[in-house]
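A closer look at the structure
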2 protein chains.
Amino acid sequence: MSSASIGIFDSGMGGLTVMRALRARLPGENFVYLGDTARLPYGTKSADTVTRYAVQASAALMRHGIKLLVVACNTASAAALPTLAETLAPLPVVGVIAPGAAAAVAAAPDGPIAVIATEGTVKGGAYVRAIQAIAPHMPVVQQAAPLFVALAEEGLHDGPLPELAAQRYLGPLLATVPRPRGLVLGCTHFPVLKAVIGQVAGPEVTLIDSAETTAAAVENVLREKNLLNGEGGGTARFLATDAPGRFAHLGQIFLGEPIDPGSVTLVDL
Amino acid sequence: MSSASIGIFDSGMGGLTVMRALRARLPGENFVYLGDTARLPYGTKSADTVTRYAVQASAALMRHGIKLLVVACNTASAAALPTLAETLAPLPVVGVIAPGAAAAVAAAPDGPIAVIATEGTVKGGAYVRAIQAIAPHMPVVQQAAPLFVALAEEGLHDGPLPELAAQRYLGPLLATVPRPRGLVLGCTHFPVLKAVIGQVAGPEVTLIDSAETTAAAVENVLREKNLLNGEGGGTARFLATDAPGRFAHLGQIFLGEPIDPGSVTLVDL
């Protein structure tokens, strides 16, 4: 059972930033990643639709005999985590919101904490609830940043366009008094824009990316359940609902290592 | 049969700019519009996936007893028109590419013609083929402009962000020698950014928006087949695959008239 794969699900390729942190921390694990590239983005869809799609995606990963599911998409974590945990029980399901919230409170214990995310994540308020479950009086300000998704996917990671977009989105957040000390990158697309976001936010604001803390949470769950695997040589397979070639090509930016096009399989959900 | 509805299909809300032109030209017609809002955007998906989705959407519209189908999405017109025409025959199917190409050649008969569109439309080359089918030696230059879709959907129609994006996308096109005289807005999202695009392109470049010419093409087909309806009082119904409330709210920008939330029905394809 411990040699079974860790399943990772995302709306597209952004979740590969979470897989990157997992591969670095758990090099002996085997991974199967599903990107719902045909139906991305999830950030503008209703919670009902996102939940329906997440259940379909997790069913496809279950057919690969996974031992744990990582929901590496903030929007899906925010909308569908309780439903997924219930549907897949007793399989452990780890989302990115709770680890991100814990990291934010640890990084900026005196607050305030600012969150940038997709429209869906902001609207649902999942980060606000998760942060205030740990630190009940923490002030949290939020801003939807949909253009960041388009910029990240177009490979526009620096220059005047992402800078202007960052000024537009961060301006109102940074005007909060007192000024936020932590900024949660609440969408797996945003870490690729980290340099520009950090530059606009300034050195006093700590950027929080939930990839690292999610990887730590996964390790804890596997250790508790005695499901950790080996020392190295873990494998990586990929499923995509559209255009496997494009997935292999663009996914490398997010994963930080080459993706063999032969390891990407087209699936229909 | 002439009182049957005209079906209009789009990936989301952009096709409402085509419906707007149709309503103005054919006020006696009844319309049923389907926006595949759960799965938008189509512009980054493969031609196979877009064709599959378009066939499902047209089947849903057929259940409403339509007399003609308008494919008001450039990406779907480029990828799926032959398949749809074959699948739905003898129902007449009108896309936006051929009318847009005819309008471009009429507006800039000496060329060159520039085309901005989604990644999928540019890659497939449908505008190049359609323009050169009318004017075989016409030089055509193309540019994918994916950020325009995100800007239009976020309601960012003017100001520095769309201006910078327009400079980025139009810069290389305008550097063509001789300078393009016509610029095709090859995505139904782009007409809402017309002011900024026109400002960056300059007064010597004619902007071509296929909504008007598509409406004229539909009128011609209906006249030919003796299917024109009445003088006024036509109705409008809407189907959306996600978030009908959001559709009614945001759709008004594209349609140019209020949308009663009660006229929008959620459908699953």
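All values derive from a computational prediction rather than experimental measurement.

1. A short note on the overall build of chain A
Scanning chain A from terminus to terminus reveals 11 helices and 10 strands. The C-alpha atoms of chain A give 18 Å as radius of gyration, which agrees with the globular expectation for 269 residues (18 Å, within 12%). With respect to the principal axes defined by its C-alpha atoms, chain A has extents near 50 × 35 × 35 Å. Looking at the 269 residues of chain A, the share that counts as buried comes to 58%. For chain A, restricting intrachain contacts to residue pairs at least 6 apart in sequence, the fraction spanning at least 24 positions comes to 77%. For chain A, the distance from the average site of its 18 positive side-chain charges to the average site of its 21 negative ones is 3 Å.

2. Some thoughts on the sheet that holds strand 4 (residues 93–95) of chain B
Residues and elements named next belong to chain B. Here we have six strands laid out as an open sheet, ordered 4-3-1-2-9-10, and parallel in their pairing. Because the sheet does not close on itself, it has two edges, and the strands there are strand 4 and strand 10 (264–266). Taken over all neighbouring pairs, the strand axes of this sheet differ in orientation by 20° on average, direction set aside. Inspection of the sheet shows strand 2 (residues 31–35) paired to strand 9 (residues 236–240) by five bridges, in the parallel sense. Its bridge partner lying in strand 9, Gly35 is registered against Ala240. The strands touched by helix 1 (residues 16–25) within the sheet are strand 1 (6–10), strand 2, strand 3 (68–71) and strand 9, with strand 2 carrying the most contacts at an inclination of about 170°.

3. A few points about the packing of helix 8 (residues 160–174) of chain B against helix 9 (residues 194–201) of chain B
All names here are of chain B. Put simply, helix 8 and helix 9 touch, their axes get as near as 9 Å, and they point 45° apart. Between helix 8 and helix 9, the angle falls in the class oblique. Between helix 8 and helix 9 lies a crossing of right-handed hand. Only Val196, Ile197, Gln199, Val200 and Ala201 of helix 9 make contact with helix 8, whose side of the interface consists of Pro162, Glu163, Ala166, Gln167, Leu170 and Leu174.

4. Quick look at the packing of aromatic side chains
Summed over the entire model, instances satisfying the criterion amount to 14 aromatic pairs over all chains. An angle of 55° between the planes, with centres 6.3 Å apart, marks the rings of Tyr33(A) and Phe238(A) as tilted. Of this pair, Tyr33(A) sits in strand 2 (residues 31–35) while Phe238(A) sits in strand 9 (residues 236–240); the two residues are 205 residues apart in sequence, bridging distant segments of the chain. Per residue, the accessibility class of Tyr33(A) equals that of Phe238(A), and both read buried. Of the aromatic side chains, those joined through ring pairs into one cluster are Phe9(A), Tyr42(A) and Tyr53(A). The aromatic ring of Tyr53(B) is capped on one face by Arg39(B), whose charged end is 3.6 Å from the ring centroid.

5. Quick notes on the sheet that holds strand 8 (residues 206–208) of chain A
Residues and elements named next belong to chain A. Pairing in this open sheet of four strands is parallel, and the strands run 6-5-7-8 from one edge to the other. The open sheet has two free edges, formed respectively by strand 6 (140–144) and strand 8, since each of these has just one partner strand. Averaged over all pairs of adjacent strands, the angle between strand axes in this sheet comes to 20°, irrespective of strand direction. Across five bridges, strand 5 (residues 113–117) lies against strand 6 in parallel orientation. Following the sheet pairing, Ile116 is matched in strand 6 by Gln143.

6. Section: the relation of the copies chain B and chain A
The two copies are related by a screw operation: chain B maps onto chain A through 180° of rotation and 0.0 Å of translation along the axis, at an RMSD of 0.0 Å. The superposition of one copy onto the other is thereby described by a two-fold rotation axis. Distance from the rotation axis, computed per C-alpha, reaches its smallest value in chain B at Arg39(B): 2.4 Å. With an isologous cut-off of 70% or more, the 100% of interface residues of chain B that recur at the interface of chain A puts this contact in the isologous class.

7. Some remarks on the packing of helix 2 (residues 47–62) of chain A against helix 3 (residues 74–88) of chain A
Residue and element names in this part refer to chain A. Packing of helix 2 against helix 3 brings their axes to within 9 Å, and their N-to-C directions diverge by 50°. Relative to helix 3, helix 2 is oriented oblique. Seen along the crossing, helix 2 lies across helix 3 with a hand that is right-handed. Listed contacts from helix 3 to Ala47, Val50, Thr51, Ala54, Val55, Ser58 and Met62 of helix 2 are Thr75, Ala76, Ala79, Ala80, Thr83, Leu84 and Leu88. Looking at the contact of helix 2 with helix 3, its residues break down into 10 nonpolar, four polar and no charged.

8. Details of the interface of chain B and chain A
The partner chain A presents 29 residues to the 29 residues of chain B that form the contact. When chain B packs against chain A, the two sides together hide about 2300 Å² of surface, and 52% of this comes from carbon and sulfur. On the chain B side of the contact with chain A, Leu147(B), Glu154(B) and Leu161(B) bury the most area, a combined 23% of that side's loss. One can count six salt bridges joining chain B with chain A. With a closest N to O distance of 3.3 Å, Arg52(B) and Asp268(A) form a salt bridge. Where chain B packs against chain A, one counts 12 residue pairs in polar contact (both at pLDDT 80 or more). Elements with a contribution of two residues or more to the side of chain B that touches chain A: helix 2 (47–62), helix 7 (146–153) and helix 8 of chain B. At six residues, helix 8 of chain B tops the list of elements feeding residues into the side of chain B that touches chain A. Its residues placed into classes, the side of chain B that touches chain A shows 15 nonpolar, five polar and nine charged.

9. Let's talk about helix 11 (residues 244–255) of chain A
When we look at burial in helix 11 of chain A, the residues that qualify are Phe247(A), Ala248(A), Leu250(A), Gly251(A), Phe254(A) and Leu255(A). Tucked into the core, helix 11 of chain A has its buried residues touching helix 1 (16–25), strand 2, helix 7 (146–153), strand 9 and strand 10 (264–266) of chain A.

Scoring rules and cut-offs
Residues numbered from 1 in each chain as written. Chains lettered and ligands numbered in written order. Predicted model: local features only at pLDDT ≥ 70, side-chain atom pairs only at ≥ 80, totals over all residues. Heavy atoms only, no water. Helix = DSSP H or I, 4+ residues; strand = E, 2+ residues; numbered from the N terminus. Rg over C-alpha atoms; globule rule 2.2 N^0.38 Å. Buried < 20%, exposed > 50% of the residue type's maximum accessible area, 1.4 Å probe, protein only. Contact = heavy atoms within 4.5 Å. Lys, Arg positive; Asp, Glu negative; His and termini not counted. Charge placed at Lys NZ, Arg CZ, Asp CG, Glu CD. Pairing = 2+ DSSP bridges. Axes fitted to C-alpha atoms, helices over the stretch in contact; angles between N-to-C directions. Parallel < 35°, antiparallel > 145°, perpendicular 65-115°, else oblique. Left-handed = near helix turned anticlockwise from the far one by under 90°. Phe/Tyr/Trp six-rings, centres within 6.5 Å; stacked < 30°, edge-to-face > 60°. Lys NZ or Arg CZ within 6 Å of the ring centre and 35° of its normal. Least-squares fit on C-alpha atoms with pLDDT ≥ 70 in both. Nonpolar A, V, L, I, M, F, W, Y, C, P; charged D, E, K, R; others polar. Buried area = accessible area lost by both parts, 1.4 Å probe. Salt bridge = Lys/Arg side-chain N within 4 Å of Asp/Glu carboxyl O. Polar contact = N/O pair within 3.5 Å; in protein donor to acceptor, adjacent residues only side chain to side chain.

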